Amino acid sequence: MKKIYSIIGLCILIIGVSLSILFINTAKSKSYYTEDYRPQYHFTPEENWMNDPNGMVYYKGEYHLFYQHNPHDNKWGPMYWGHAVSKDMISWEHFPIALEPDDLGTIFSGSAVVDWNDTSGFFDGDEGLVAIFTHNGDGQKQSIAYSKDKGRTWKTYEGNPVIPSDPEIKDFRDPKVFWHEKTNKWVMVLAAGKKIMFYGSPNLIDWEYLSEFGNEGALGGVWECPDLFELPVDGDPNNTKWVLEVDIGDGAIAGGSGAQYFIGEFDGTTFVNDSDPKNVNWLDYGADFYAAQSFSDIPESDNRRIMIAWMSNWLYANQVPTENWRGGASFPRVMELKTTIDNQIKLFQRPIDEIQSIVGEEILKIENKVISSSDASNLLSEIEADLYLLNVEIELDKPADFGFKIRKSSENDGETTLGYTHSKNELFVKRIQAKVDYFSPYFNGRHFVDIGEASTIKLNVLVDKSSIEVFAQDGEFVITDLIFPSDNDRGLEFFIEGNEVLIRHLEIHELKTTWR
Ligand code: FRU
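Note that the structure is a prediction, hence the values are computed from the model and not measured.

Assigned secondary structure in the protein consists of two helices and 33 strands. By the compact-globule yardstick of 24 Å for 516 residues, the protein fits well, its C-alpha radius of gyration being 24 Å. When its C-alpha atoms are laid out on the principal axes, the protein stretches across 80 × 70 × 45 Å. The burial tally for the protein puts 57% of its 516 residues in the buried class. Counted over contacts in the protein with a minimum sequence separation of 6, partners at least 24 positions apart contribute 60%. By element, 49% of the accessible surface of the protein is carried by carbon and sulfur atoms, the whole surface being about 21900 Å². Averaged over its 46 positive side-chain charges, the protein has a centre that lies 4 Å from the centre of its 81 negative ones.

Right under this line is the structure:
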């Protein structure tokens, strides 16, 4: 009898525990990622601070995103590598911290590769993942770590560092490594002050200095987080160029930190810039696209070059008005080289096609409609939305300025305007923080780009809870900006100043959350 009672007791206990676990999980899933400003289809850490994306690599059906992370606070501090994994770069699963500070220092930015042929000898003739990063301690030195279990656990190499610090170079960091097919070796691109240094290695362990590149482009701050990759021009595999992407800590186009790129040749040893050394190419004209990195080991059958950046700016990153977490990633974008009508080769960018999986209901569609300045403000007055994709193509027969007020409300005094000024051929995002949430003198601003003379303006715009990413003229120009509207700011307004315009096409679709 006693036995039966204890079995019944045990069963009740098990059912009780299961129910409470179920209850906790349901409660979590409903309230998960719902804090003010929490991005709904962009990656953000569950808690605490994030800056640069790191170690981006595709392996066995999984995209790995590591990131600069302070697990102790929502401000920059001792750096770890946080880790998230995704099958489509849209929905991310949080994984435990991958790398943590040790005797050599904290873990700064870096990259990861698949060592397919076990050049390192870490994988007993098999293959595996190797991370290459900066140890920031007594000086900055480059170290490696490896994983034999698809990135689940990591072991730092006992012979670290693989490139010791150089007392002459204070800023010596952010290794990005790739396999250079033609010269049969690993190449490392490293930021060193206002220069880029190139190193080569047969095995990811023994590195030899190859060359350096510098004194060109934008030099307003230290260079950080470089990347180097080869791309076909206009899709022609027989005509390729190398893109050297370099972030600068200060003095970028929209103030503070930003990303520039050079197009040229790389022979496995030296990078030679094709254009005038004084020329600066900005990857993004907004204020919040920094430390961009591209995925390593995307399969040849796919062959896209996909980049993710930290969506913030060192000018105010530590002050943005979020609490549980601070910092996040840009929406992944594909990079392509195309020849423009004035015969320049430029980087064009577009959101990854996987976005289709979160495109929800159509909010509005307009085709071939002429709108005058007096009709404009009524056009979108019914719309209430905070997560959406807006595609528009506007034709101007006669001069007109036009634009959209995004996440608009009558109560809040914060404001975001995406506009086009005809007399200057200028596309701009002007953002003003709400007075109630004032957090930085550097945030308010008008970020703009000259898009050249154009009678058709095409915009592809991604709006999330606290960001706007504008891809203009088929991705030739991009503006990425954080915005902090209150949750009720869900209006959208179209405006025209001057002559009427022809809306060839305007389509707005809801975007779905990827977190619940
Ligand atoms: C860029 C950066 C890197 C460095 C890391 C430290 O944002 O300054 O150069 O490795 O952040 O968190």
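The discussion continues.
Looking at the assigned domains, one finds that the protein contains domain 1 (48–351) and domain 2 (359–511). The C-alpha-based centres of domain 1 and domain 2 are spaced at 31 Å. Listed per partner, the contact involves 26 residues of domain 1 and 25 residues of domain 2. Together, the buried faces of domain 1 and domain 2 total about 2100 Å²; carbon and sulfur atoms form 64% of this surface. Per-element accounting of the side of domain 1 that touches domain 2 gives the leading share, six residues, to strand β22 (residues 345–351).

Quick look at the pairing of strand β3 (residues 80–86) now. With seven of seven residues buried, β3 is to be regarded as a mostly interior element. The side-chain alternation of β3 yields two buried faces, one formed by Tyr 80, Gly 82, Ala 84 and Ser 86 and the other by Trp 81, His 83 and Val 85. Pairing between β3 and strand β4 (residues 92–99): five bridges, direction antiparallel. From the neighbouring strand, Ser 86 faces β4, where its bridge partner is Trp 92. Taking the residues between adjacent antiparallel strands as the criterion, β3 and β4 are bridged by five residues, where Met 89 takes a positive phi near 65°.

Considering all chains together, one arrives at 40 aromatic pairs under this definition. A centroid spacing of 6.3 Å and a plane angle of 65° characterise the contact between Phe 178 and Phe 266, whose relative ring orientation is edge-to-face. Note that Phe 178 is positioned in strand β9 (residues 172–180) and Phe 266 in strand β15 (residues 258–266), a separation of 88 residues in sequence. One exposure class covers both Phe 178 and Phe 266, and it is buried. Seen from their ring centres, Trp 179 and Trp 186 are 5.0 Å apart, and the 75° between their planes marks the pair as edge-to-face. In this arrangement the basic side chain of Lys 405 is found over the ring face of Phe 495, its NZ or CZ atom lying 5.7 Å from the centre. Note that Arg 431 overlies the ring of Phe 443, its terminal NZ or CZ placed 3.7 Å from the centroid.

A few words on the pattern of salt bridges. Enumeration over the complete set of coordinates arrives at 30 salt bridges. Its salt-bridge partner being Lys 176, residue Asp 227 comes within 3.9 Å of it at the nearest N-O pair. You can see Asp 227 sitting in strand β13 (residues 223–233) and its partner Lys 176 sitting in strand β9, a full 51 residues away along the chain. Comparing Asp 227 with Lys 176 shows no difference in burial state: the two are buried. Between Glu 415 and Lys 405 there is a salt bridge, and its shortest N-O distance comes to 3.9 Å. Separated by 10 residues along the polypeptide, Glu 415 in strand β26 (residues 415–421) and Lys 405 in strand β25 (residues 400–408) bring together distant segments of the chain. Residue classification places Glu 415 among the partly exposed residues on the basis of a relative accessible area of 35%. By sharing partners, the salt bridges in this structure join Lys 170, Asp 171, Arg 173, Asp 174 and Glu 224 into a single network.

Procedures and definitions
- Chains are numbered independently. Their residues run from 1 in the order of the written sequence.
- In keeping with the predicted nature of the model, local features appear solely for residues at pLDDT of at least 70, side-chain atom pairs appear and are counted solely at 80 or more, and the whole-chain, interface and lining totals rest on all residues.
- With hydrogens and water excluded, all non-hydrogen atoms of the structure serve as input to the side-chain values.
- Secondary structure elements follow DSSP: runs of H or I of four or more residues count as helices, runs of E of two or more count as strands, with numbering from the N terminus.
- Radius of gyration here is computed from C-alpha atoms only, and the compact-globule reference equals 2.2 Å multiplied by the residue count raised to the power 0.38.
- Accessibility here uses a 1.4 Å probe with only protein chains present; expressed as a share of the type maximum, an area under 20% marks a residue as buried, one over 50% as exposed, and anything in between as partly exposed.
- Throughout, a residue-residue contact means that at least one pair of heavy atoms, one from each residue, lies within 4.5 Å.
- Note on areas: these come from Shrake-Rupley sampling with a 1.4 Å probe, and a residue is covered only by the protein chains present in the view.
- Note that His is not counted, nor are the chain ends; the positive residues are Lys and Arg, and the negative ones are Asp and Glu.
- Charged groups are reduced to one reference atom each: NZ for lysine, CZ for arginine, CG for aspartic acid, CD for glutamic acid.
- Start and end positions for the domains come from either an automated domain assignment or a database one.
- Summed over both partners, the accessible area (1.4 Å probe) lost when two parts come together is defined as the buried area.
- Here the rule is simple: two strands pair whenever DSSP picks up at least two bridges between them.
- Centre distance within 6.5 Å is the pairing criterion for rings of Phe, Tyr and Trp, where only the six-membered ring of Trp is used; planes under 30 degrees apart are then read as stacked, over 60 as edge-to-face, and the remainder as tilted.
- Distance and angle both matter: a charge sits over a ring if NZ of Lys or CZ of Arg is within 6 Å of the ring centre and within 35 degrees of the ring normal.
- When a carboxyl oxygen of Asp or Glu is within 4 Å of a side-chain nitrogen of Lys or Arg, the pair counts as a salt bridge.

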